[in-house]
Amino acid sequence: MGEPQGSMRILVTGSSGLVGRAIQKVVADGARLPGEDWVFVSSKDADLTDAAQTRALFEKVRPTHVIHLAAMVGGLFRNIKYNLDFWRKNVHINDNVLHSAFEVGARKVVSCLSTCIFPDKTTYPIDETMIHNGPPHSSNFGYSYAKRMIDVQNRAYFQQHGCTFTAVIPTNVFGPHDNFNIEDGHVLPGLIHKVHLAKSSGSALTVWGTGKPRRQFIYSLDLARLFIWVLREYNEVEPIILSVGEEDEVSIQEAAEAVVEAMDFHGDVTFDTTKSDGQFKKTASNGKLRAYLPDFRFTPFKQVLILCCHLDTWTCCGLGKS
Amino acid sequence: MWLGGGDVSGQLDLSGPQEAISPPWRPHPVPLAPGSLGPGLGQLLWGPVLSAVTPGSDVSGELVSDGWGHDGLSLTPFGPTGAANMGEPQGSMRILVTGSSGLVGRAIQKVVADGARLPGEDWVFVSSKDADLTDAAQTRALFEKVRPTHVIHLAAMVGGLFRNIKYNLDFWRKNVHINDNVLHSAFEVGARKVVSCLSTCIFPDKTTYPIDETMIHNGPPHSSNFGYSYAKRMIDVQNRAYFQQHGCTFTAVIPTNVFGPHDNFNIEDGHVLPGLIHKVHLAKSSGSALTVWGTGKPRRQFIYSLDLARLFIWVLREYNEVEPIILSVGEEDEVSIQEAAEAVVEAMDFHGDVTFDTTKSDGQFKKTASNGKLRAYLPDFRFTPFKQAVKETCAWFTDNYEQARK
């Protein structure tokens, strides 16, 4: 692909996923600056668990910047069963991407962590300094440690070579192109899918758990905008939490009610308290983000849901492939 | 022959310190030149067959001894004539030891050769000459040739404080690659057990004392060598993942400060005790004072490499938890650096002055580790007394000064 024409060639791995699609949309909708070359790749382009394939990709694209989203992900039950694979595959992907980026002289890499990797025993709110302060929850320790080690490797690139490889930490992301699989996916897309099915079959909506756990949800398009800001302007190696504030935390019950309202569902809503609640809270501080961007406005939660749940936009929500 | 077939008897004696190094080590086979393989399994590894050796016997043959043996020994278990596969283990266990040329690896070789090998055990010692373990293909080829049932994994990229501070990325990446390659190759060839080697330096920087096996991941390690520390910690994570997903018994030991023959005695790069031994040697030769870095007040638990080797072999055979186990003398045997220096001075009969350069960093003040778990399993294990172990190590260093790593 030759040398970047303008000032930046940005390679985005994991482009076909929830966050990758959102970044594609935001870039296409006008976020792209003159001189920026955006290259979106996915597993079709290279198997990033393979060092040679990854290197070939990076040598072909020669990015100056990388947004690294690709990962092996899965729901709670898959994680519990395959901790080894979640650890190894993700470590391989991350090492291949980070080191290939380093070898082609990329100036910056922004990887993607997750609030689920924080210590299981902790005080709240959690913040960026606390990632390594204790073991993660045991259910998905393989995935969690692999993500944590991105931060370790970032700091090592900085210590040994002065590179600015960094990471963001989103809270619960949701939006079009998510995984809406009820068994495997996350809570909000699961609720959307369930309500859709309940409406079609005239049955009740059954929410798993008590509905009491609390979460901060971030719309994928908002996350995408912030990701691009981090790529351009955030120069610390220590990661940054990207999330709505603590004041916007909602309970699962409130989230379910918002979906019900957005989808105009009039059936019964019940809570299956035999199902696990998962973590009660994961409250994260977005203080660091607010110090940089005091005026950033997140899309209001209910407005997002209306967009996501509207029947006309079903296919763009990727529901067909769940 | 104590490797491969043969039935040299010998039980692992856990009841007390082994006899001292002298009488001199029995001669080992002539280094194996490529293509010079004999036909038998043991010969495959070690060249011309020697008759079965019993302790104390005097075996004729070329003596290439360093007081411990094995110096210059080619550890290649297979050669270009196409001894492609060692076949199924003759007896119950074939144990592959990586990192055999290092401090701990040499000690295990010696303990095994001195009679610890049980009938039916095949011990295969390899080092970087045999395969580059940072390379997945080479590691896999090694494992497919050796087909171990058990692995003692000692190989690592190691270095002193200053190298670690400068190369955290390399210490992280290379060690993660080595560990992943070894663990996964072991898994793929169906090894029943892997015992890896961690270190007390990987524990959380901010912690209470004594530290124990449950505390490894309770906070970040010291920042100076975080690359190395996290790579070692992730061995434990990967062990637990093999157990969770596949039911494998992959585990690890955590020694405190190891010392003994074949250490790295480099004063800049090595650890405190070999550094002191080297310094006293130089001070004696030049008639100058011994200058100990720091105040001498920090405290350490030292474990003699031969004791560690015996315990390593016990872990390999008998310890079946996935959670690691600290291998160390007890808290009551912690000594200060000053006391360690005094033991070296006494062992080497040094009569010059001893001073402390307090401008130099002390390092961590203490790293006191609990050996409660070990004691619950082996209440009667007796460690070689510190002064005796220091004396043996000093004697080895003096006798092998030219070849010693420094």
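Since the structure is predicted, the reported quantities are computational estimates derived from the model, not experimental observations.

Definitions and cut-offs
Residues numbered from 1 in each chain as written. Chains lettered and ligands numbered in written order. Predicted model: local features only at pLDDT ≥ 70, side-chain atom pairs only at ≥ 80, totals over all residues. Heavy atoms only, no water. Helix = DSSP H or I, 4+ residues; strand = E, 2+ residues; numbered from the N terminus. Buried < 20%, exposed > 50% of the residue type's maximum accessible area, 1.4 Å probe, protein only. Contact = heavy atoms within 4.5 Å. Areas by Shrake-Rupley, 256 points an atom, 1.4 Å probe, with all protein chains shown as cover. UniProt positions renumbered as here; feature names shortened; annotations may be inferred. Axes fitted to C-alpha atoms, helices over the stretch in contact; angles between N-to-C directions. Parallel < 35°, antiparallel > 145°, perpendicular 65-115°, else oblique. Left-handed = near helix turned anticlockwise from the far one by under 90°. Nonpolar A, V, L, I, M, F, W, Y, C, P; charged D, E, K, R; others polar. Core = buried A, V, L, I, M, F, W, Y, C linked by side-chain atoms within 4.5 Å. Buried area = accessible area lost by both parts, 1.4 Å probe. Salt bridge = Lys/Arg side-chain N within 4 Å of Asp/Glu carboxyl O. Pairing = 2+ DSSP bridges. pLDDT = per-residue confidence, 0-100. Phe/Tyr/Trp six-rings, centres within 6.5 Å; stacked < 30°, edge-to-face > 60°. Lys NZ or Arg CZ within 6 Å of the ring centre and 35° of its normal. Patch = residues over 30% accessible without salt bridge, like charges linked within 9 Å, V, L, I, M, F, W, Y side chains within 5 Å.

Bringing the overall build of chain B into the picture now. The helix and strand tally for chain B stands at 11 helices and 12 strands. Looking at chain B residue by residue over its 406 residues, the buried ones come to 57%. In chain B, of all internal contacts separated by at least 6 residues, the share reaching a separation of at least 24 is 83%. By element, 52% of the accessible surface of chain B is carried by carbon and sulfur atoms, the whole surface being about 15,900 Å².

In this section: the UniProt feature "domain: NAD-dependent epimerase/dehydratase" (unreviewed entry) in chain A. Summarizing the sequence annotation, UniProt attributes the feature "domain: NAD-dependent epimerase/dehydratase" (unreviewed entry) to residues 10-245 of chain A in the numbering used throughout. The span residues 10-245 of chain A is 43% helix and 17% strand, and its two end C-alpha atoms sit 29 Å from each other.

Before going further, it helps to examine the UniProt feature "domain: NAD-dependent epimerase/dehydratase" (unreviewed entry) in chain B. UniProt records the feature "domain: NAD-dependent epimerase/dehydratase" (unreviewed entry) at residues 95-330 of chain B, using the numbering of this structure. Secondary structure across residues 95-330 of chain B comprises 43% helix and 17% strand; the distance between its end C-alpha atoms is 29 Å.

Angle between the axes and distance between the axes are the two parameters that describe a pair of packed helices. All names here are of chain B. Running from N to C, helix α7 (residues 272-286) and helix α11 (residues 386-399) cross one another at 55 degrees; their axes reach a closest spacing of 11 Å. Classified by the angle between their axes, α7 and α11 sit oblique to one another. The hand of the α7/α11 crossing is right-handed. Within the contact between the two elements, α7 uses Leu273, Ile277, His278 and His281 and α11 uses Phe386, Val390, Thr393, Cys394, Phe397 and Thr398. Taken together, the residues of the contact of α7 with α11 break down into six nonpolar, four polar and no charged.

What follows is about the nonpolar core. Across soluble globular proteins, nonpolar side chains show a tendency to be buried alongside one another. Residues and elements named next belong to chain B. Judged by nonpolar contacts, the single largest core of 63 residues is most densely connected at Ile108, Trp123, Ile152, Phe312 and Val344. At nine residues, helix α8 (residues 305-318) tops the list of elements feeding residues into this core. Beyond its immediate stretch of four places on either side in the chain, Ile108 contacts Trp123, Phe125, Ile152, Leu154, Ala309, Phe312 and Ile313.

In this assembly, 27 residues from chain B lie in contact with 27 residues from chain A. Of all residues in chain B, Leu169, Trp172 and Gln245 of chain B give up the largest surface area on contact with chain A, accounting jointly for 24% of the area buried on that side. On inspection of chain B and its partner chain A, the count reaches two salt bridges. Put simply, Asp95 of chain A and Arg173 of chain B hold a salt bridge, and the shortest N to O gap is 2.7 Å. Counting residues per element, the ones that place at least two in the side of chain B that touches chain A are α4 (161-166), α5 (168-188) and α6 (226-246) of chain B. The leading source of residues in the side of chain B that touches chain A is α6 of chain B, at 11 residues. Residue composition of the side of chain B that touches chain A, by class: 12 nonpolar, 10 polar and five charged.

All names here are of chain B. Going residue by residue along strand β3 (residues 150-153), you find His150 and Ile152 tucked away on one face and Val151 and His153 tucked away on the opposite face as well. Sheet topology note: the strand β1 (residues 93-98)/β3 ladder contains four bridges and is parallel. Across the sheet, Thr98 pairs through a bridge with His153, a residue of β3. Across four bridges, β3 lies against strand β4 (residues 193-197) in parallel orientation.

What follows covers the confidence of the model for chain B. Residue and element names in this part refer to chain B. Mean pLDDT over chain B: 82, with 78% of residues reaching 70 or higher. When the criterion is pLDDT under 50, residues 1-67 qualifies, and its contacts beyond four places in sequence or with other chains add up to 146 contacts. Low pLDDT (under 50) marks residues 69-83, which in the prediction has 52 contacts with non-local residues, meaning those over four places away or in another chain. Reported confidence for the predicted complex is 0.92 by ipTM and 0.85 by pTM.

For the bond running from Tyr124 of chain A to Pro125 of chain A, omega is 0 degrees, close enough to zero to count as cis. Residue position: Pro125 of chain A is located in the loop between β4 (108-112) and α5 (141-161). A cis amide bond links Tyr209 of chain B with the next residue in sequence, Pro210 of chain B, at an omega value of 0 degrees. Within the element layout of this structure, Pro210 of chain B appears in the loop between β4 and α6. Of note in this structure, His177 of chain A is not a glycine but carries a positive phi near 70 degrees. Mapped onto the elements of the fold, His177 of chain A is located in the loop between β6 (172-174) and α6 (187-201). Residue classification places His177 of chain A among the partly exposed residues on the basis of a relative accessible area of 23%.

Let's shift gears to the side chain of Ser251 of chain A. Residues and elements named next belong to chain A. Along the chain, Ser251 turns up in strand β11 (residues 250-251). Here Ser251 falls in the buried class, since its relative accessible area comes to 9%. Residue contacts for Ser251: discarding those within four places in its chain leaves Gly211, Lys212, Pro213 and Arg214.

Further remarks concern the side chain of Arg173 of chain B. Relative to the helices and strands, Arg173 of chain B is located in helix α5. Among the residues examined, Arg173 of chain B registers a relative accessible area of 12% and is labelled buried. Residue contacts for Arg173 of chain B: discarding those within four places in its chain leaves Asp95, His99, Gln153 and Tyr157 of chain A.

Turning our attention to the packing of aromatic side chains. Here the structure, examined in full by the defined rule, presents 27 aromatic pairs over all chains. Centre to centre, the rings of Phe174 of chain A and Tyr219 of chain A are 5.9 Å apart; their planes meet at 35 degrees, and the pair counts as tilted. Of this pair, Phe174 of chain A sits in strand β6 while Tyr219 of chain A sits in strand β9 (residues 217-219), and the two are 45 residues apart along the sequence. Note on accessibility: Phe174 of chain A and Tyr219 of chain A belong to one class, buried. Members of the aromatic cluster, joined through ring pairs, are Phe174, Phe217, Tyr219 and Phe301 of chain A. Against the face of Trp208 of chain A rests Lys194 of chain A, its NZ or CZ located 4.1 Å from the ring centre. Taking the ring centre of Trp293 of chain B as reference, the NZ or CZ of Lys279 of chain B above it sits at 4.1 Å.

Turning to the confidence of the model for chain A, a few remarks are in order. Mean pLDDT over chain A works out to 92, with 93% of the residues at or above the 70 mark. In the model, residues 311-322 of chain A has pLDDT below 50 throughout and makes 26 contacts with residues more than four positions away in sequence or in other chains.

Turning our eyes to something else, we now look at a nonpolar patch on the surface. On the surface, Leu76, Phe77 and Ile80 of chain A cluster together into a nonpolar patch covering about 280 Å² of accessible area. Here Ile80 of chain A lies in helix α3 (residues 76-81).

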